[in-house]
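# Observations on chain architecture
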Amino acid sequence: MSYSDTKQHNQHKKTNLKTALSMAAGALLGTGAIVHEAKAEILTDWQFDSAFLYYSEAERVTAAEIIVSANKTFANDEVLNVKLTIDSLTGASANGAVVQAQAQTFTRPSGEGQYVSQAGNTPLDDTFKDTRVQLNAQWTQPLAENYTASIGGHLSKEFDYLSLGINGNLALDFYKKNSTISLGFSHFQDRYTPIGGIPKPYASMLIGDSNSPSWHEDFAATRIASGDNKITSDVLVGFTQVINRRMITQFNYSYSMVRGYLTDPFKIVSVLNQAGTAQDYIYEHRPDERKKQSVFAQTKYHFDQGLLNSVLDFSYRYMWDDWQINSHTLDSTLHMPLASRFGKASYLQPHIRYYQQSAAGFYRPYTFVEQVSNGSSEENFISADYRIGAMTAVTLGLKYGFSLNNGNDFSVRLEYYRQMPSNAGFDQPSELANLTVYPVVQAVIFQLSYSFL
Amino acid sequence: MNKAINKTNNNSKRTLSLQAQEQGYVISFNAMASPCEVLIQTKDHRLAKQVASAVSDEVWRIEDKFSRYNKDSVCYQINNNAGQSMAIDEECYLLLNFAEQCYQLSEGVFDISAGILNQVWHFDGSDNIATKKQVAAVLPLVGWHKVSYQHNSITLPQGMALDFGGIGKEYAVDRGILLSQQITALPVLVNLGGDLAVTGPRLNGLPWQVAIESTEYTKPNSDNNKEIIVALTHGALATSGDSKRFLVKDGQRYSHVLNALTGWPIEQAPRSITTLAPQCLQAGMLATLALLQGKGAEQFLSEQEVTYWARR
């Protein structure tokens, strides 16, 4: 027992101390060094997650969102989650009309006043402003061995929108909990009472002197109701499989049925002459039913030795619906732990996402005078909303997070989003030749998250 | 040793209280100057009683054998053998071996022969810190390298003393778990004054919920006051700290954790550290070794990839 012995021992102290203690304890207890890995996680009265998200499109919408989520775990592993989301949207949103070589005048959705879009600019309705408060509550509990059930409620309120929802989920673990099958459903009931009411499909947007005595009467003639409803029902079947210590995979299939008012009351379609000059703007018209299906596959792989001990997450989703929209989403993150310092563990997480979507069958970037006069019937659906047109989109992001000594976590995320619409084979009249009919949308996303006990 | 004698040896009465609860039985008793409990998830009263007496008898046996205050203990005899060689049994030898390993791993900062420093350090919350002269006077009596021991004997220089306080309780927790596992496969938790271990998860794979108590002498409104609840499925938790034992002088707080090489308290150590490990002996020693790092306690545990909760 000399000091030279001690020194020899300590040369490998940093890496071997835990193992050395295991061996020493194993020798004393006669258990050997191999024992069950210890496992414990922290529970508290309430655990809070908070996030601030800022989303800003160049020259368009800016959204700020605050999320506060609280979790409580009860004695028998029941978990209650309550989440409050408040977001506020401001800025301008494309109204659906196509760009022109001259300035264009539009009436605001409320019918009160007009706005002008400059020549060569994508027409944007700059009255876009809303605040939404959303409340979700979810209760999850084990039912019996290997069965976990969850039910939840949802309430969301904007000044012109109310959404109420319920959901339920049942998960069954088997094969020593290496496999999980889950079945879920959700049902939402929405009430939409847009400012200015519900416009009549194919009705021309009233443009002119809003101070004239007949204005209100004329505007009202383009309206059919003050509000409308929408019902959404979703069913989801999922399968999760632990492949080995390093790899986990998940497969989902979902079926979604939406019925009711699916049109956007604020969106119009330009009616052009053969040369491409706007003659009229008509309110869009979408089907009152949409059936969506999707398949989703995800793999997480933990490189425990090489590649900086990182975790790769890769997922693919294919979605298709009876509006003839189909989309592919590829999403990947790489979670890279950084060397921990002063008891703080930190990580970097790059993110890349690629999205591609085909246009809805009734999507038109614009229509023509002859087509409108030929048949403006109920069956002829039309929309110039770029969000249901053909496009590709890319997101690039980076997240940095660290844990504090007291177990609280902090993270910051910065992402760039670029949406590139494309022409899905529509003829372009000569007047539009030098104009940007399919403008690129760019946005930055900035998020701060803090989890605390 | 005879159990009846043990009972008379101790001031506190050695009684077990068995309480049936919805989830099983809670057995409470006192040992090693701490409230102790055993939780067993069964409705079988006889089985609960069997586990209860096996664990409590073992804890009391270890207390009697290794307490430095008990005049019949092996520890007392080692400490009072006037520099003469003394015979020891296998268990004592294995415990000394474990202490030796800890001494080596801590570069001599953790030392079971350092208990004698308590003659000059009284951690009673006062400002009564030891003088350099006092520390210098007892320091020659500290030093594990001066102890010689073999498989069946030990020789301690005269005036020196061993104190198993830093490992005895954790050892008793692990022994309690091993004995429970020999009796039943049902879930058992052994908690000796906050150092605890489980045989595995509760029925249906559910975790045990364990509260890590807050330190008493912290600033009001600070996060440190909060009790932390941990869901434990496998392994052990042990806490090392000075929540009640410290000195304060000129605004400096002196923790009761002493550096055996200098005889002085470790500076800037966290007030308490709780660690998770497969067995309680490891958890306890990791927490103690971390405290001995002072300012670098958390970094030390992070580097060792240990799950821990520290309060400063």
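Residues numbered from 1 in each chain as written. Chains lettered and ligands numbered in written order. Predicted model: local features only at pLDDT ≥ 70, side-chain atom pairs only at ≥ 80, totals over all residues.

The next thing to look at is the overall build of chain B. For chain B, the count of helices and strands is eight helices and 14 strands. Residue pairs at least 24 apart in sequence account for 63% of intrachain contacts in chain B once pairs closer than 6 positions are excluded. (Helix = DSSP H or I, 4+ residues; strand = E, 2+ residues; numbered from the N terminus. Contact = placed C-beta atoms within 7 Å.)

Looking only at helices and strands, chain A features four helices and 24 strands. Each of the 453 residues in chain A was classed as buried or not, and the buried ones make up 16%. Of the contacts made within chain A by residues no fewer than 6 positions apart, 62% connect residues no fewer than 24 positions apart. (Buried ≥ 20, exposed ≤ 12 C-beta atoms within 10 Å, placed from the backbone.)

Attention shifts here to the packing of helix α2 (residues 45-66) of chain B against helix α6 (residues 165-183) of chain B. Residue and element names in this part refer to chain B. Orientation of α2 relative to α6, taken along the N-to-C sense of each, is 150 degrees, at an axis distance of 9 Å. In terms of axis orientation, α2 runs roughly antiparallel to α6. Handedness of the crossing formed by α2 with α6: right-handed. In this structure, α2 contributes Gln 50, Val 51, Ala 54, Val 55, Glu 58, Val 59, Ile 62 and Phe 66 to the contact, and α6 contributes Gly 168, Tyr 171, Ala 172, Arg 175, Gly 176, Leu 179, Ser 180 and Ile 183. Each residue belonging to the contact of α2 with α6 can be placed in one class, and the counts come to ten nonpolar, four polar and two charged. (Axes fitted to C-alpha atoms, helices over the stretch in contact; angles between N-to-C directions. Parallel < 35°, antiparallel > 145°, perpendicular 65-115°, else oblique. Left-handed = near helix turned anticlockwise from the far one by under 90°. Nonpolar A, V, L, I, M, F, W, Y, C, P; charged D, E, K, R; others polar.)

Further remarks concern helix α4 (residues 90-105) of chain B. Residue and element names in this part refer to chain B. For α4, spanning 16 residues, the distance from its first C-alpha to its last is 23 Å, which sits close to the expected 22 Å at 1.5 Å a residue. What α4 keeps buried is the set Cys 92, Leu 95, Leu 96, Phe 98, Ala 99, Cys 102, Tyr 103, Gln 104 and Leu 105. Backbone geometry just after α4 places Glu 107 at a positive phi near 55 degrees. (Expected span 1.5 Å × (residues − 1).)

Residues and elements named next belong to chain B. With antiparallel pairing, three strands are arranged side by side in an open sheet as β4-β6-β5. Because the sheet does not close on itself, it has two edges, and the strands there are β4 (85-87) and β5 (148-149). The pairing of β5 with strand β6 (residues 153-155) spans two bridges and is antiparallel. Looking at β6, one finds that Ser 148 is bridged to Thr 155. (Pairing = 2+ DSSP bridges.)

What follows covers the packing of α6 of chain B against helix α7 (residues 280-291) of chain B. Residues and elements named next belong to chain B. Following both chains from N to C, one finds α6 and α7 inclined at 155 degrees, their axes separated by 7 Å at the closest point. Here α6 is positioned roughly antiparallel relative to α7, judged by the angle of their axes. For α6 against α7, the interelement crossing comes out right-handed. Between α6 and α7, the contacting residues are Gly 166, Ile 167, Glu 170, Tyr 171, Val 173 and Asp 174 on the first element and Cys 280, Leu 281, Gly 284 and Thr 288 on the second. Of the residues in the contact of α6 with α7, the class split is five nonpolar, three polar and two charged.

What follows is about the environment of Ser 117 of chain A. Residues and elements named next belong to chain A. Along the chain, Ser 117 falls in strand β6 (residues 114-117). According to the C-beta neighbour criterion, Ser 117 is buried, with 21 such atoms within 10 Å. In sequence terms Ser 117 and Val 99 are 18 residues apart; their C-alpha atoms lie 8.8 Å from each other. Contact partners of Ser 117, with chain neighbours within four places excluded, come to Ala 103, Gln 104, Phe 106, Pro 123 and Leu 124.

The share of residues in chain A with pLDDT of 70 or more is 90%, and the mean pLDDT across the chain is 89. In the model, residues 1-13 of chain A has pLDDT below 50 throughout and makes ten contacts with residues more than four positions away in sequence or in other chains. (pLDDT = per-residue confidence, 0-100.)

Let's shift gears to unusual backbone geometry. All names here are of chain B. Located in the positive-phi region is Ala 33, a residue other than glycine, with phi close to 60 degrees. Summarising the element assignment, Ala 33 is placed in the loop between β2 (24-31) and β3 (34-40). Exposure remark for Ala 33: the 12 C-beta atoms within 10 Å place this residue in the exposed category. Despite not being glycine, Glu 107 has its phi angle at roughly 55 degrees, a positive value. Among the secondary structure elements, Glu 107 is positioned in the loop between α4 and α5 (132-138). Glu 107 gets classed as partly exposed once you count the C-beta atoms within 10 Å, which come to 16.

Residue and element names in this part refer to chain B. Among the secondary structure elements, Gln 268 is positioned in the loop between β12 (252-255) and β13 (272-277). For the pair Gln 268 and Lys 295, spaced 27 residues apart in the sequence, the C-alpha separation amounts to 5.0 Å. With near-sequence residues (within four places) excluded, Gln 268 lies in contact with Gly 294 and Lys 295.

The next thing to look at is the pairing of strand β1 (residues 17-21) of chain B. A regular strand places its side chains so that they alternate between the two faces of the sheet. Residue and element names in this part refer to chain B. Taken across its five residues, β1 has zero buried, putting it largely on the surface. Pairing of β1 with β2 involves five bridges; the strand directions are antiparallel. Its bridge partner being in β2, Gln 21 is matched across the sheet by Gly 24. Count of turn residues in the β1/β2 antiparallel hairpin: two residues.

Residue and element names in this part refer to chain A. Spatially, the three strands line up as an open sheet ordered β16-β15-β21, and their pairing is mixed. The two strands at the open ends of the sheet, each matched to only one other strand, are β16 (278-283) and β21 (367-368). Two strands pair when backbone bridges link them, and strand β15 (residues 268-272) and β21 are joined in this way by two bridges, in the parallel orientation. Note that in β21 the partner of Val 271 across the bridge is Thr 367.

Before going further, it helps to examine the pairing of strand β8 (residues 147-158) of chain A. All names here are of chain A. Both strand β7 (residues 124-144) and β8 contribute to a ladder of eleven bridges, which runs antiparallel. What sits directly across from Gln 134, in β8, is Ser 156. Between the end of β7 and the start of β8, which pair antiparallel, lie two residues, with Asn 146 showing a positive phi angle near 75 degrees. Here twelve bridges tie β8 to strand β9 (residues 161-174), and the two strands are oriented antiparallel to one another. Bridge assignment links Lys 157 to a residue of β9, and that residue is Leu 162. Two successive antiparallel strands, β8 and β9, enclose a turn made up of two residues.

Take the nonpolar core next. Core analysis: the largest hydrophobic core is formed by 94 residues, its most contacted members being Val 190, Ala 236 and Leu 286 of chain B. Considering every element that reaches this core, the biggest residue donor is α7 of chain B, with nine residues. (Core = buried A, V, L, I, M, F, W, Y, C linked by C-beta atoms within 7 Å.)

Let us now look at the confidence of the model for chain B. Residue and element names in this part refer to chain B. Of the residues in chain B, 89% have a pLDDT of 70 or more, and the chain-wide mean is 84. Taken as a whole, residues 1-11 scores under 50 in pLDDT and shows eleven contacts with residues more than four places along the chain or in a different chain. Here residues 216-224 scores under 50 on pLDDT; set against residues more than four positions off or in separate chains, the count is nine contacts. In the predicted complex, the global pTM is 0.67; the interface-specific ipTM is 0.86.

This paragraph deals with the environment of Tyr 354 of chain A. All names here are of chain A. Turning to its location among the elements, Tyr 354 is positioned in strand β20 (residues 344-357). Take Tyr 354: there are 14 C-beta atoms within 10 Å of it, and that puts it in the partly exposed class. Here the alpha-carbon distance between Tyr 354 and Thr 329, two residues 25 residues apart in the chain, equals 5.8 Å. With sequence-adjacent residues up to four places away left out, Tyr 354 is seen in contact with Leu 330 and Val 394.

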